[in-house]
Amino acid sequence: MNTIYLDYNATAPTHVRVIEAVSACLAETGNPSSVHSAGRRARSLMEAARESVAKAVGCLPRQVVWTSGGTEANALVLAGTPAAHLFVSSVEHDSVLANAPQAERLAVDANGIVDLEALSSRLAATEGRKLVSVMLANNETGVLQPIAAISERCRAGGAWLHVDAVQALGKVPVDVQALGADFLTLSAHKVGGMKGVGALVLANDLIEIKSAIRGGGQELGRRSGTENLPGIVSFGAALEALAELGDWQGRVRALRDRMEAKLLEMGAVINAQSVERLPTTSSVRMPGVPAETQVMAFDLAGIAVSAGSACSSGKVKASHVLSAMGQGEEAASQSIRVSLGWNTTDAEIDRFLAAWQRLYARRRPASQAAE
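Residues numbered from 1 in each chain as written. Predicted model: local features only at pLDDT ≥ 70, side-chain atom pairs only at ≥ 80, totals over all residues. Heavy atoms only, no water.

**Regarding the sheet that holds strand 7 (residues 183–187)**
Logical step 1: Here we have 7 strands laid out as an open sheet, ordered 2-8-7-6-5-3-4, and mixed in their pairing. Edge positions in the sheet fall to strand 2 (64–67) and strand 4 (104–106), since each of these pairs with one other strand and no more. When the angles between neighbouring strand axes are averaged without regard to direction, this sheet yields 20 degrees.
Logical step 2: Of the pairings in the sheet, the one linking strand 3 (residues 85–89) to strand 4 comprises 3 bridges and is parallel in character. Note on strand 4: the bridge partner recorded for S89 is L106.
Logical step 3: Here helix 2 (residues 37–57) sits on the sheet and contacts strand 2, strand 7 and strand 8 (198–202); the angle it forms with strand 2, its principal contact strand, is near 115 degrees. (Pairing = 2+ DSSP bridges. Helix = DSSP H or I, 4+ residues; strand = E, 2+ residues; numbered from the N terminus. Axes fitted to C-alpha atoms, helices over the stretch in contact; angles between N-to-C directions. Contact = heavy atoms within 4.5 Å.)

**Remarks on the sheet that holds strand 10 (residues 281–285)**
Logical step 1: Taking strand neighbours across the sheet as the criterion, the 3 strands line up as 9-10-12 in an open arrangement whose pairing is antiparallel. Looking at the sheet topology across the chains shown, the edges are occupied by strand 9 (269–270) and strand 12 (335–339).
Logical step 2: Note that strand 9 and strand 10 share 2 bridges and pair antiparallel. By the bridge assignment, V269 is partnered in strand 10 with R285.

**Focus: a positive patch on the surface**
Logical step 1: There is a patch of like positive charges on the surface, built from R351, R358, R362 and R363.
Logical step 2: Structurally, the position occupied by R363 is in helix 13 (residues 346–363).
Logical step 3: On the basis of relative accessibility, which here comes to 42%, the residue R363 falls in the partly exposed class. (Patch = residues over 30% accessible without salt bridge, like charges linked within 9 Å, V, L, I, M, F, W, Y side chains within 5 Å. Areas by Shrake-Rupley, 256 points an atom, 1.4 Å probe, with all protein chains shown as cover. Salt bridge = Lys/Arg side-chain N within 4 Å of Asp/Glu carboxyl O. Lys, Arg positive; Asp, Glu negative; His and termini not counted. Charge placed at Lys NZ, Arg CZ, Asp CG, Glu CD. Buried < 20%, exposed > 50% of the residue type's maximum accessible area, 1.4 Å probe, protein only.)

**With respect to the pairing of strand 5 (residues 130–133)**
Logical step 1: Burial along strand 5 is two-sided: the residues K130 and V132 and L131 and S133 are all buried.
Logical step 2: Bridge analysis of strand 3 against strand 5 gives 4 bridges, and the strand direction is parallel. Paired with L86 across the bridge in strand 5 is L131.
Logical step 3: Taken together, the 4 bridges between strand 5 and strand 6 (residues 159–164) define a ladder with parallel strand orientation. Residue pairing for strand 6: K130 is matched across the bridge by A159.
Logical step 4: Each parallel crossover has a hand, and the one from strand 5 via helix 6 (residues 147–156) to strand 6 is right-handed. (Right-handed = clockwise from strand over helix to strand, strands pointing away.)

**With respect to the packing of helix 9 (residues 248–265) against helix 13**
The relative placement of two packed helices is expressed as an angle between their axes plus a distance between the axes.
Logical step 1: Direction vectors running N to C along helix 9 and helix 13 enclose 20 degrees, while the axes themselves pass 10 Å from each other. Taken together, the axis directions place helix 9 and helix 13 in an arrangement best described as roughly parallel. Read as a crossing pair, helix 9 and helix 13 show a hand that is right-handed. Two secondary-structure elements touch here, helix 9 through L255, R258, M259, K262 and L263 and helix 13 through D346, I349, D350, F352, L353 and W356.
Logical step 2: By residue class, the composition of the contact of helix 9 with helix 13 is 7 nonpolar, no polar and 4 charged. (Parallel < 35°, antiparallel > 145°, perpendicular 65-115°, else oblique. Left-handed = near helix turned anticlockwise from the far one by under 90°. Nonpolar A, V, L, I, M, F, W, Y, C, P; charged D, E, K, R; others polar.)

**A short note on the environment of E330**
Logical step 1: With respect to the helices, strands and loops of the structure, E330 is situated in helix 12 (residues 329–332).
Logical step 2: Residue classification places E330 among the exposed residues on the basis of a relative accessible area of 58%.
Logical step 3: In this structure the C-alpha to C-alpha distance between E330 and A318, which are 12 residues apart in sequence, comes to 7.6 Å.

**Here's the deal with the pattern of salt bridges**
Logical step 1: Under the defined criterion, the tally for this structure stands at 17 salt bridges.
Logical step 2: Notably, a salt bridge pairs R337 with D7, separated by 3.2 Å at the nearest N-O pair. On the criterion of sequence distance, the pair formed by R337 in strand 12 and D7 in the loop between strand 1 (4–5) and helix 1 (16–26) is long-range, its members being 330 residues apart. For the residue pair R337 and D7, the accessibility class agrees, reading buried in each case.
Logical step 3: For the salt bridge of E117 with R153, the shortest nitrogen-to-oxygen distance reads 3.1 Å. Placement of the pair is E117 in helix 5 (residues 116–124) and R153 in helix 6, with a sequence separation of 36 residues.
Logical step 4: By relative accessible area, E117 is classed as exposed at 53%.
Logical step 5: The class for R153 is partly exposed, based on a relative accessible area of 23%.
Logical step 6: Within the structure, one salt-bridge network assembled from shared partners comprises R43, E47, R50 and E219.

**Section: the packing of helix 1 against helix 8 (residues 229–243)**
Logical step 1: Helix 8 packs onto helix 1 with a crossing angle of 150 degrees between their chain directions and a minimal axis gap of 8 Å. Regarding the angle of helix 1 to helix 8, the classification is roughly antiparallel. As for the relative orientation of helix 1 and helix 8, their crossing is right-handed in sense. In this structure, helix 1 uses R17, V18, A21, V22, C25 and L26 to contact helix 8, whose residues at the interface are L229, P230, V233, S234, A237, A238, E240 and A241.
Logical step 2: Of the residues in the contact of helix 1 with helix 8, the class split is 11 nonpolar, 1 polar and 2 charged.

What follows is the structure in C-alpha coordinates.
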(Lines give C-alpha, C1' and ligand atoms only; values in the text may rest on other atoms or scores of the structure.)
Protein backbone atom coordinates (compact mmCIF):
# COMPACT_ATOMS: atom_id res chain seq x y z
CA MET A 1 0.00 0.00 0.00
CA ASN A 2 1.44 3.33 -1.04
CA THR A 3 1.74 5.96 1.68
CA ILE A 4 -0.46 9.00 1.19
CA TYR A 5 1.49 12.10 2.13
CA LEU A 6 -0.67 14.84 3.63
CA ASP A 7 1.98 16.68 5.63
CA TYR A 8 3.32 19.25 3.18
CA ASN A 9 3.46 21.91 5.91
CA ALA A 10 6.11 19.84 7.70
CA THR A 11 8.18 19.43 4.56
CA ALA A 12 7.33 19.16 0.88
CA PRO A 13 8.50 16.42 -1.50
CA THR A 14 11.64 17.31 -3.41
CA HIS A 15 11.02 18.26 -7.02
CA VAL A 16 12.71 16.20 -9.73
CA ARG A 17 14.06 19.45 -11.13
CA VAL A 18 15.65 20.18 -7.77
CA ILE A 19 17.36 16.81 -7.67
CA GLU A 20 18.79 17.42 -11.14
CA ALA A 21 19.99 20.92 -10.24
CA VAL A 22 21.60 19.76 -7.00
CA SER A 23 23.30 16.82 -8.73
CA ALA A 24 24.86 19.19 -11.24
CA CYS A 25 25.90 21.53 -8.43
CA LEU A 26 27.63 18.73 -6.53
CA ALA A 27 29.88 18.23 -9.53
CA GLU A 28 31.25 21.74 -8.97
CA THR A 29 34.22 22.03 -6.63
CA GLY A 30 34.58 25.74 -5.97
CA ASN A 31 33.89 27.77 -2.85
CA PRO A 32 31.68 30.79 -3.71
CA SER A 33 34.18 33.05 -1.93
CA SER A 34 37.17 31.93 -3.99
CA VAL A 35 38.30 34.19 -6.81
CA HIS A 36 39.53 31.52 -9.22
CA SER A 37 37.37 30.11 -12.00
CA ALA A 38 35.94 27.25 -9.90
CA GLY A 39 34.97 29.72 -7.21
CA ARG A 40 33.41 32.06 -9.74
CA ARG A 41 31.30 29.22 -11.16
CA ALA A 42 30.10 28.40 -7.67
CA ARG A 43 29.25 32.03 -6.98
CA SER A 44 27.40 32.27 -10.27
CA LEU A 45 25.16 29.37 -9.22
CA MET A 46 24.56 30.96 -5.84
CA GLU A 47 23.70 34.37 -7.24
CA ALA A 48 21.32 32.87 -9.81
CA ALA A 49 19.43 31.23 -6.94
CA ARG A 50 19.46 34.51 -5.02
CA GLU A 51 17.84 36.20 -8.01
CA SER A 52 15.14 33.48 -8.13
CA VAL A 53 14.29 33.97 -4.47
CA ALA A 54 14.30 37.75 -4.83
CA LYS A 55 11.99 37.54 -7.84
CA ALA A 56 9.59 35.29 -5.94
CA VAL A 57 9.06 37.84 -3.15
CA GLY A 58 9.58 41.13 -4.99
CA CYS A 59 12.84 42.31 -3.46
CA LEU A 60 16.36 43.04 -4.68
CA PRO A 61 18.86 40.16 -4.78
CA ARG A 62 21.22 41.99 -2.43
CA GLN A 63 18.47 41.99 0.19
CA VAL A 64 18.43 38.18 0.38
CA VAL A 65 20.63 36.70 3.12
CA TRP A 66 21.17 32.92 3.13
CA THR A 67 20.64 31.06 6.40
CA SER A 68 20.39 27.45 7.52
CA GLY A 69 16.59 27.66 7.53
CA GLY A 70 13.57 29.56 8.79
CA THR A 71 14.52 29.07 12.43
CA GLU A 72 17.90 30.75 12.03
CA ALA A 73 16.39 33.54 9.94
CA ASN A 74 13.82 34.22 12.67
CA ALA A 75 16.51 34.16 15.36
CA LEU A 76 18.72 36.51 13.33
CA VAL A 77 15.96 39.12 13.17
CA LEU A 78 14.81 38.82 16.76
CA ALA A 79 18.33 38.92 18.22
CA GLY A 80 20.00 41.17 15.67
CA THR A 81 17.53 44.02 15.26
CA PRO A 82 18.30 47.10 17.39
CA ALA A 83 14.86 47.13 19.00
CA ALA A 84 14.30 47.68 22.70
CA HIS A 85 10.79 46.23 22.66
CA LEU A 86 9.55 43.08 20.93
CA PHE A 87 5.95 42.16 20.22
CA VAL A 88 4.99 38.74 18.83
CA SER A 89 1.62 37.20 18.16
CA SER A 90 0.60 34.39 20.51
CA VAL A 91 0.19 31.99 17.55
CA GLU A 92 3.72 32.30 16.19
CA HIS A 93 5.94 29.34 15.36
CA ASP A 94 8.06 28.05 18.23
CA SER A 95 11.18 29.39 16.50
CA VAL A 96 9.86 32.90 17.12
CA LEU A 97 8.46 32.34 20.59
CA ALA A 98 11.59 30.57 21.85
CA ASN A 99 13.90 33.23 20.40
CA ALA A 100 11.93 36.08 21.93
CA PRO A 101 11.04 34.90 25.45
CA GLN A 102 10.98 38.48 26.69
CA ALA A 103 8.58 39.67 23.98
CA GLU A 104 5.08 40.84 24.75
CA ARG A 105 2.49 38.42 23.35
CA LEU A 106 -0.18 39.95 21.12
CA ALA A 107 -3.70 38.61 21.59
CA VAL A 108 -5.61 36.90 18.78
CA ASP A 109 -9.30 36.26 18.25
CA ALA A 110 -11.08 32.89 18.06
CA ASN A 111 -9.73 32.40 14.52
CA GLY A 112 -6.16 33.21 15.46
CA ILE A 113 -6.07 36.67 13.87
CA VAL A 114 -4.16 39.45 15.61
CA ASP A 115 -6.28 42.09 17.36
CA LEU A 116 -5.38 45.23 15.40
CA GLU A 117 -6.76 47.67 17.94
CA ALA A 118 -4.84 46.03 20.75
CA LEU A 119 -1.69 46.17 18.64
CA SER A 120 -2.11 49.89 18.00
CA SER A 121 -2.79 50.51 21.66
CA ARG A 122 0.30 48.68 22.86
CA LEU A 123 2.56 50.35 20.30
CA ALA A 124 1.24 53.79 21.24
CA ALA A 125 1.95 53.10 24.90
CA THR A 126 5.55 51.97 24.29
CA GLU A 127 8.55 54.25 23.86
CA GLY A 128 11.76 53.48 21.97
CA ARG A 129 12.55 51.21 19.06
CA LYS A 130 9.98 48.49 18.53
CA LEU A 131 9.81 45.30 16.48
CA VAL A 132 6.61 43.36 15.75
CA SER A 133 6.76 39.76 14.53
CA VAL A 134 3.64 38.23 12.94
CA MET A 135 3.57 35.25 10.57
CA LEU A 136 1.82 35.52 7.22
CA ALA A 137 0.29 32.02 7.30
CA ASN A 138 -0.07 29.89 10.39
CA ASN A 139 1.69 26.56 10.12
CA GLU A 140 -1.04 24.68 12.03
CA THR A 141 -4.31 26.24 10.87
CA GLY A 142 -3.29 27.92 7.62
CA VAL A 143 -4.92 31.17 8.75
CA LEU A 144 -3.63 34.23 6.88
CA GLN A 145 -2.94 37.34 8.90
CA PRO A 146 -3.91 40.78 7.50
CA ILE A 147 -0.25 41.72 7.18
CA ALA A 148 -0.78 44.87 5.11
CA ALA A 149 -3.13 46.22 7.79
CA ILE A 150 -0.70 45.19 10.52
CA SER A 151 2.07 46.98 8.65
CA GLU A 152 0.02 50.18 8.64
CA ARG A 153 -0.44 49.92 12.41
CA CYS A 154 3.29 49.32 12.84
CA ARG A 155 4.17 52.37 10.76
CA ALA A 156 1.76 54.52 12.75
CA GLY A 157 3.15 53.15 16.00
CA GLY A 158 6.81 53.56 15.07
CA ALA A 159 7.57 49.83 14.86
CA TRP A 160 9.44 47.64 12.40
CA LEU A 161 7.64 44.55 11.10
CA HIS A 162 9.04 41.04 10.72
CA VAL A 163 6.92 38.52 8.80
CA ASP A 164 7.56 34.79 8.95
CA ALA A 165 6.43 33.74 5.46
CA VAL A 166 7.81 30.19 5.61
CA GLN A 167 4.41 28.51 5.21
CA ALA A 168 3.02 31.03 2.74
CA LEU A 169 5.72 31.01 0.07
CA GLY A 170 4.58 29.20 -3.06
CA LYS A 171 1.01 28.78 -1.81
CA VAL A 172 -0.24 32.38 -1.88
CA PRO A 173 1.32 35.53 -3.36
CA VAL A 174 4.18 36.81 -1.21
CA ASP A 175 5.38 40.30 -2.12
CA VAL A 176 7.45 41.98 0.55
CA GLN A 177 6.61 45.47 -0.73
CA ALA A 178 2.85 44.84 -0.87
CA LEU A 179 2.96 43.33 2.61
CA GLY A 180 4.88 46.30 3.97
CA ALA A 181 7.34 44.10 5.86
CA ASP A 182 10.81 45.20 6.91
CA PHE A 183 11.99 41.60 7.26
CA LEU A 184 10.75 38.39 5.68
CA THR A 185 11.65 34.82 6.62
CA LEU A 186 11.71 31.97 4.06
CA SER A 187 12.61 28.27 3.94
CA ALA A 188 13.52 26.01 1.02
CA HIS A 189 12.14 22.66 2.11
CA LYS A 190 8.58 23.96 2.40
CA VAL A 191 8.53 24.56 -1.37
CA GLY A 192 10.25 21.40 -2.55
CA GLY A 193 13.88 22.36 -1.98
CA MET A 194 16.43 20.82 0.37
CA LYS A 195 16.24 20.92 4.13
CA GLY A 196 18.83 23.03 5.91
CA VAL A 197 18.63 26.24 3.89
CA GLY A 198 16.52 29.37 4.21
CA ALA A 199 16.68 33.09 3.69
CA LEU A 200 16.11 36.33 5.49
CA VAL A 201 14.95 39.20 3.30
CA LEU A 202 16.12 42.60 4.55
CA ALA A 203 13.58 44.80 2.81
CA ASN A 204 14.46 47.90 4.83
CA ASP A 205 18.03 48.86 3.96
CA LEU A 206 18.06 51.45 6.73
CA ILE A 207 18.01 48.84 9.52
CA GLU A 208 21.34 47.31 10.43
CA ILE A 209 21.19 43.67 11.53
CA LYS A 210 23.78 42.49 14.03
CA SER A 211 25.26 39.19 12.89
CA ALA A 212 25.04 36.25 15.29
CA ILE A 213 27.59 34.19 13.35
CA ARG A 214 30.89 35.93 12.70
CA GLY A 215 33.97 34.78 10.85
CA GLY A 216 34.58 34.95 7.13
CA GLY A 217 32.20 37.84 6.48
CA GLN A 218 30.01 36.04 3.96
CA GLU A 219 26.61 37.52 3.04
CA LEU A 220 28.04 41.03 3.39
CA GLY A 221 28.92 40.25 7.00
CA ARG A 222 25.37 39.44 7.97
CA ARG A 223 25.85 35.68 8.22
CA SER A 224 29.38 34.27 8.15
CA GLY A 225 30.24 30.73 7.13
CA THR A 226 30.71 28.99 3.80
CA GLU A 227 27.36 28.99 2.05
CA ASN A 228 25.41 25.74 1.61
CA LEU A 229 25.66 25.87 -2.17
CA PRO A 230 23.65 22.70 -3.02
CA GLY A 231 20.88 23.80 -0.67
CA ILE A 232 20.86 27.31 -2.06
CA VAL A 233 20.70 25.99 -5.62
CA SER A 234 17.80 23.75 -4.58
CA PHE A 235 15.90 26.79 -3.28
CA GLY A 236 16.07 28.59 -6.60
CA ALA A 237 15.25 25.45 -8.58
CA ALA A 238 12.24 24.66 -6.38
CA LEU A 239 10.73 28.10 -6.85
CA GLU A 240 11.22 27.88 -10.61
CA ALA A 241 9.59 24.43 -10.66
CA LEU A 242 6.60 25.66 -8.67
CA ALA A 243 6.11 28.60 -11.01
CA GLU A 244 5.92 26.23 -13.96
CA LEU A 245 3.10 24.19 -12.37
CA GLY A 246 0.56 26.94 -13.03
CA ASP A 247 -2.51 27.28 -10.82
CA TRP A 248 -2.09 24.08 -8.82
CA GLN A 249 -3.26 26.00 -5.76
CA GLY A 250 -6.77 26.41 -7.23
CA ARG A 251 -7.06 22.68 -7.86
CA VAL A 252 -5.84 21.86 -4.36
CA ARG A 253 -8.18 24.41 -2.78
CA ALA A 254 -11.11 22.59 -4.42
CA LEU A 255 -9.78 19.30 -3.03
CA ARG A 256 -9.40 20.82 0.44
CA ASP A 257 -12.91 22.27 0.38
CA ARG A 258 -14.42 18.96 -0.71
CA MET A 259 -12.54 17.16 2.04
CA GLU A 260 -13.71 19.61 4.69
CA ALA A 261 -17.34 19.41 3.57
CA LYS A 262 -17.27 15.61 3.95
CA LEU A 263 -15.51 15.81 7.31
CA LEU A 264 -18.13 18.18 8.66
CA GLU A 265 -20.85 15.75 7.60
CA MET A 266 -19.05 13.00 9.54
CA GLY A 267 -18.85 15.05 12.76
CA ALA A 268 -15.51 16.82 12.49
CA VAL A 269 -14.77 20.39 13.53
CA ILE A 270 -12.71 22.55 11.16
CA ASN A 271 -10.73 25.15 13.07
CA ALA A 272 -10.86 28.71 11.68
CA GLN A 273 -13.01 27.55 8.77
CA SER A 274 -14.68 30.93 8.25
CA VAL A 275 -11.59 33.06 7.63
CA GLU A 276 -9.05 33.29 4.82
CA ARG A 277 -6.55 30.44 4.95
CA LEU A 278 -3.91 28.80 2.83
CA PRO A 279 -5.58 26.75 0.08
CA THR A 280 -3.60 23.73 1.23
CA THR A 281 -4.23 23.49 4.96
CA SER A 282 -6.93 22.13 7.28
CA SER A 283 -6.87 21.94 11.06
CA VAL A 284 -9.34 19.16 11.82
CA ARG A 285 -10.68 18.24 15.25
CA MET A 286 -11.98 14.72 15.91
CA PRO A 287 -14.10 15.21 19.06
CA GLY A 288 -13.15 12.90 21.89
CA VAL A 289 -10.07 11.42 20.18
CA PRO A 290 -6.55 12.64 21.10
CA ALA A 291 -4.44 13.92 18.23
CA GLU A 292 -1.66 11.47 19.09
CA THR A 293 -4.06 8.55 18.66
CA GLN A 294 -5.20 9.94 15.32
CA VAL A 295 -1.69 10.44 13.97
CA MET A 296 -0.69 6.88 14.85
CA ALA A 297 -3.91 5.39 13.47
CA PHE A 298 -3.56 7.24 10.17
CA ASP A 299 0.06 6.19 9.94
CA LEU A 300 -0.97 2.55 10.33
CA ALA A 301 -3.48 3.16 7.53
CA GLY A 302 -0.67 4.46 5.31
CA ILE A 303 -1.53 8.14 5.64
CA ALA A 304 0.93 10.78 6.88
CA VAL A 305 -0.59 13.69 8.82
CA SER A 306 0.63 15.57 11.87
CA ALA A 307 -0.53 17.07 15.12
CA GLY A 308 0.33 20.73 14.70
CA SER A 309 3.95 21.75 14.22
CA ALA A 310 6.38 18.96 13.29
CA CYS A 311 9.50 20.40 14.83
CA SER A 312 10.69 18.06 17.55
CA SER A 313 10.51 14.31 17.27
CA GLY A 314 7.88 12.60 19.36
CA LYS A 315 6.27 15.81 20.58
CA VAL A 316 2.49 15.63 20.59
CA LYS A 317 0.83 18.01 23.01
CA ALA A 318 -2.02 20.47 23.14
CA SER A 319 -1.53 23.09 20.44
CA HIS A 320 -0.45 26.48 21.75
CA VAL A 321 -2.02 27.97 18.63
CA LEU A 322 -5.46 26.54 19.35
CA SER A 323 -5.09 27.39 23.03
CA ALA A 324 -4.36 31.02 22.12
CA MET A 325 -7.52 30.94 20.01
CA GLY A 326 -9.52 30.22 23.16
CA GLN A 327 -9.89 26.47 22.93
CA GLY A 328 -9.62 24.49 26.15
CA GLU A 329 -6.83 21.98 26.67
CA GLU A 330 -9.01 19.00 25.75
CA ALA A 331 -10.26 20.51 22.50
CA ALA A 332 -6.81 21.85 21.62
CA SER A 333 -5.35 18.35 21.96
CA GLN A 334 -7.83 16.72 19.55
CA SER A 335 -6.89 18.44 16.29
CA ILE A 336 -4.62 17.21 13.51
CA ARG A 337 -3.19 19.13 10.60
CA VAL A 338 -3.91 17.91 7.09
CA SER A 339 -1.74 19.76 4.58
CA LEU A 340 -2.01 19.16 0.85
CA GLY A 341 0.32 19.97 -2.02
CA TRP A 342 0.81 19.95 -5.76
CA ASN A 343 0.88 16.14 -5.93
CA THR A 344 -2.30 15.51 -3.90
CA THR A 345 -5.05 13.65 -5.77
CA ASP A 346 -8.78 13.03 -5.42
CA ALA A 347 -8.13 9.36 -4.73
CA GLU A 348 -5.82 10.22 -1.84
CA ILE A 349 -8.43 12.47 -0.28
CA ASP A 350 -11.02 9.72 -0.62
CA ARG A 351 -8.72 7.30 1.21
CA PHE A 352 -8.14 9.81 3.98
CA LEU A 353 -11.87 10.41 4.39
CA ALA A 354 -12.59 6.68 4.60
CA ALA A 355 -9.85 6.24 7.21
CA TRP A 356 -11.13 9.21 9.22
CA GLN A 357 -14.66 7.80 9.24
CA ARG A 358 -13.49 4.34 10.36
CA LEU A 359 -11.37 5.76 13.17
CA TYR A 360 -14.10 8.06 14.45
CA ALA A 361 -16.66 5.24 14.40
CA ARG A 362 -14.33 3.17 16.62
CA ARG A 363 -13.10 5.87 18.98
CA ARG A 364 -15.77 8.52 19.37
CA PRO A 365 -17.34 8.86 22.84
CA ALA A 366 -20.24 6.52 23.57
CA SER A 367 -22.59 9.46 24.15
CA GLN A 368 -21.97 10.70 20.60
CA ALA A 369 -22.12 7.22 19.06
CA ALA A 370 -25.59 6.73 20.53
CA GLU A 371 -26.98 9.89 18.93
